[in-house]
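Residue-level listing of the chains:
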Amino acid sequence: QVQLMESGGGLVQAGGSLRLSCLASRSIFSINAMGWYRQARGKERELVATIRSSGSTYYADSVRGRFTISKDNAKNTLYLQMNSLKPEDTAMYYCAACTFMSCPSTAYNYWGQGTQVTVSS
């Protein structure tokens, strides 16, 4: 099992930056995939970005070029650097981990509690 705890959310003006962190309760070195999801009020949860144990990354079209996902295995921490933030990025952001052999976007089996990001116009 792994417990995940997000931090780094807050209120920022449009065009600003935030870095989210997700601290895991154990080593993330062998976790097949980790990712960030978000859910805006009244909308479905959506995938933001993922990173595999190999280091390969994936980004949703809406954030590609503005957000960067990374991880520090030594610190058991996943990051999401968010630049050029827009009001439509406002959402609760969740860290997730997939420990299965196959990790499609629907297979993430561990979730954090979320951290709120609010972008003002």
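Further up the page is the structure itself.
What this report covers is the structure whose coordinates are included nearby.

Definitions and cut-offs
Starting from 1, residues in each chain are numbered consecutively following that chain's sequence as written. Reporting of local features is limited, given that this is a predicted model, to residues whose pLDDT is at least 70; pairs of side-chain atoms are given and counted only at 80 or more, and all residues count toward the totals for whole chains, interfaces and linings. Note that the side-chain values use all heavy atoms of the structure and ignore hydrogens as well as water. Secondary structure elements are taken from DSSP: a helix is a run of H or I of four residues or more, a strand is a run of E of two residues or more, and numbering for both begins at the N terminus. Burial classification: accessible surface area is computed with a 1.4 Å probe over protein chains only, and a residue below 20% of its type maximum counts as buried, one above 50% as exposed, and the rest as partly exposed. Think of a polar contact as two N or O atoms within 3.5 Å of one another; within protein, one of them needs to be a possible hydrogen donor and the other a possible acceptor, and neighboring residues in sequence only count if both atoms come from side chains. Paired strands, as defined in this entry, are two strands with at least two bridges between them according to DSSP. Lines fitted to C-alpha atoms define the axes here, with helix axes fitted over just the stretch in contact, and angles between the N-to-C directions of these axes take values from 0 to 180 degrees. Salt bridge, as applied in this entry: a Lys or Arg side-chain nitrogen positioned within 4 Å of an Asp or Glu carboxyl oxygen. Contact criterion: two residues are considered in contact whenever any of their non-hydrogen atoms come within 4.5 Å of each other.

**Quick notes on the side chain of D89**
- Within the element layout of this structure, D89 appears in the loop between strand 8 (77–82) and strand 9 (91–98).
- You can call D89 buried: its relative accessible area is 1%.
- A distance of 2.9 Å separates the side chain of D89 from the side chain of R38, its partner in a polar contact.
- A polar contact of 2.8 Å, which involves the side chain of D89, links it to the backbone nitrogen of K86.

**Here we look at the sheet that holds strand 1 (residues 4–7)**
- Pairing within the open sheet is antiparallel, and its 4 strands lie in the order 1-3-8-7. Strand pairing shows two members of the sheet lacking a second neighbour, strand 1 and strand 7 (67–72), which therefore form its edges. On average, each strand axis in the sheet is inclined to that of its neighbour by 15°, with strand direction left out of account.
- As paired elements, strand 7 and strand 8 share 6 bridges and run antiparallel to each other. Counterpart to D72 in the pairing with strand 8 is T77.

**Examining the pattern of salt bridges**
- Throughout the structure, instances matching the rule amount to 4 salt bridges.
- Between R64 and D61 there is a salt bridge, and its shortest N-O distance comes to 2.5 Å.
- In this structure, D89 and R66 form a salt bridge, with 2.8 Å as the shortest nitrogen-oxygen distance. Taken together, the positions of D89 in the loop between strand 8 and strand 9 and R66 in the loop between strand 6 (57–59) and strand 7 put the pair 23 residues apart, joining distant regions of the chain. Taken as a pair, D89 and R66 share a single burial class, namely buried.
- One network of salt bridges, in which partners are shared, links R38, E46, R66 and D89.

**Considerations on the environment of L85**
- Within the secondary structure, L85 sits in the loop between strand 8 and strand 9.
- For L85, a relative accessible area of 1% corresponds to the buried category.
- With sequence-adjacent residues up to four places away left out, L85 is seen in contact with V12, A14, G15, G16, S17, L18, R66, F67 and V119.

**Let's talk about the environment of L80**
- Mapped onto the secondary structure, L80 falls in strand 8.
- Separated by 72 residues in sequence, L80 and G8 have C-alpha atoms that sit 9.5 Å apart.
- Ignoring sequence-local partners within four residues, the contact set of L80 consists of L18, R19, L20, W36, V48, A49, F67, T68, I69 and Y93.

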